[in-house]
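Observations on chain architecture
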Amino acid sequence: MNRLFRLAPVLRARKAQEDAARGAVVQSRAEIRDAEALVKRRKLDLVGSDAPSEGSARAMVAALVARQSLAAGLFDAQRMVTSAEQIEQEKLAALADAAKRRRAVELMSERHAATVKAHDLRTDQAALDELAVTAKARNAAGTVNDPNRSEA
């Protein structure tokens, strides 16, 4: 019986794939946090830029255009958060898939280990049985050869 699990390199590769997928999820979560921080900054910028209540018409129009630009920046930042969350969902799905594939090979490895253990136990038991039979035969032969010796 082959004691080595022949798919061990595959199992190592699957573990590496799962680790890479886990790293991608961590990275996408960091991107979400960055995008959320950008949204927060853009909201504060928008709140901080009140339209002037007095001044020339040009100044008022310029302030309104600036606020509109800040609002567009906020909208873009919110889209970045949504996009990053969708990417995270895709990465989580990839991680789950990688974990399933690793687990499948891991189960084969566990079955192989159990088969090897059962084989070893059968071999040990056969050796013990052979020793017991041989010892009994020796004892029986010794009783025949030596009538003064009694069986224990």
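To be clear, the structure that these remarks concern was listed above.
Notes on the structure in this doc start here. (Residues numbered from 1 in each chain as written. Predicted model: local features only at pLDDT ≥ 70, side-chain atom pairs only at ≥ 80, totals over all residues. Heavy atoms only, no water.)

Attention now goes to the overall build of the chain. Scanning the chain for helices and strands turns up two helices and zero strands. Scaling as 2.2 N^0.38, a compact globule of 152 residues should have a C-alpha radius of gyration of about 15 Å, whereas the chain reaches 37 Å, well beyond that. For the chain, the spread of C-alpha atoms along the three principal axes comes to 130 × 25 × 15 Å. Counting only contacts in the chain whose residues sit at least 6 apart along the sequence, the fraction spanning at least 24 positions is 82%. Working note: accessible area of the chain is about 11300 Å², and carbon and sulfur atoms make up 58% of it. (Helix = DSSP H or I, 4+ residues; strand = E, 2+ residues; numbered from the N terminus. Rg over C-alpha atoms; globule rule 2.2 N^0.38 Å. Contact = heavy atoms within 4.5 Å. Areas by Shrake-Rupley, 256 points an atom, 1.4 Å probe, with all protein chains shown as cover.)

On to the pattern of salt bridges, then. Tallied over the entire structure, the rule returns 10 salt bridges. Arg102 serves as the salt-bridge partner of Glu18, at 2.3 Å between the closest nitrogen and oxygen. Here Arg102 lies in helix 2 (residues 57-145) and Glu18 lies in helix 1 (residues 8-48), a separation of 84 residues in the sequence. Between Arg102 and Glu106 there is a salt bridge, with the nearest N and O atoms lying 2.7 Å from each other. Placement of the pair is Arg102 and Glu106 together in helix 2, with a separation of four residues, close to one helical turn. Assigned by exposure class, Arg102 and Glu106 land together as buried. Through salt bridges with shared partners, a single ionic network connects Glu18, Asp19, Arg22, Arg102, Arg103, Glu106 and Glu110. (Salt bridge = Lys/Arg side-chain N within 4 Å of Asp/Glu carboxyl O. Buried < 20%, exposed > 50% of the residue type's maximum accessible area, 1.4 Å probe, protein only.)

If you trace the backbone, Leu70 turns up in helix 2. In the structure, Leu70 is positioned 45 residues away from Val25 in sequence and 30 Å away in space, judged by C-alpha atoms. Aside from chain neighbours lying at most four places away, what touches Leu70 is Asp45, Leu46 and Ser49.

A separate point is the nonpolar core. Counting residues in each nonpolar core, the largest one holds seven residues, listed as Ala35, Leu38, Val39, Leu46, Leu74, Ala77 and Val81. Of all the elements in the fold, those that place two or more residues in this core are helix 1 and helix 2. Sort the elements by how many residues they give to this core and helix 1 lands first, with four residues. Excluding residues within four positions of it along the chain, Leu38 makes contact with Ala77 and Met80. (Core = buried A, V, L, I, M, F, W, Y, C linked by side-chain atoms within 4.5 Å.)

Below, the discussion takes up the side chain of Arg102. Since its relative accessible area comes to 16%, Arg102 is described here as buried. In contact with Arg102, other than residues within four places in its own chain, are Leu11, Arg14, Lys15 and Glu18.

This brings us to a nonpolar patch on the surface. Together, Leu7, Val10 and Met108 make up an exposed nonpolar region whose accessible area comes to about 190 Å². Counting through the fold element by element, Val10 comes out in helix 1. (Patch = residues over 30% accessible without salt bridge, like charges linked within 9 Å, V, L, I, M, F, W, Y side chains within 5 Å.)

As a further point, take the environment of Arg41. Secondary-structure assignment places Arg41 in helix 1. The partly exposed category is assigned to Arg41, whose relative accessible area is 47%. As a C-alpha pair, Arg41 and Ala77 span 36 residues in sequence and 9.6 Å in three-dimensional space.

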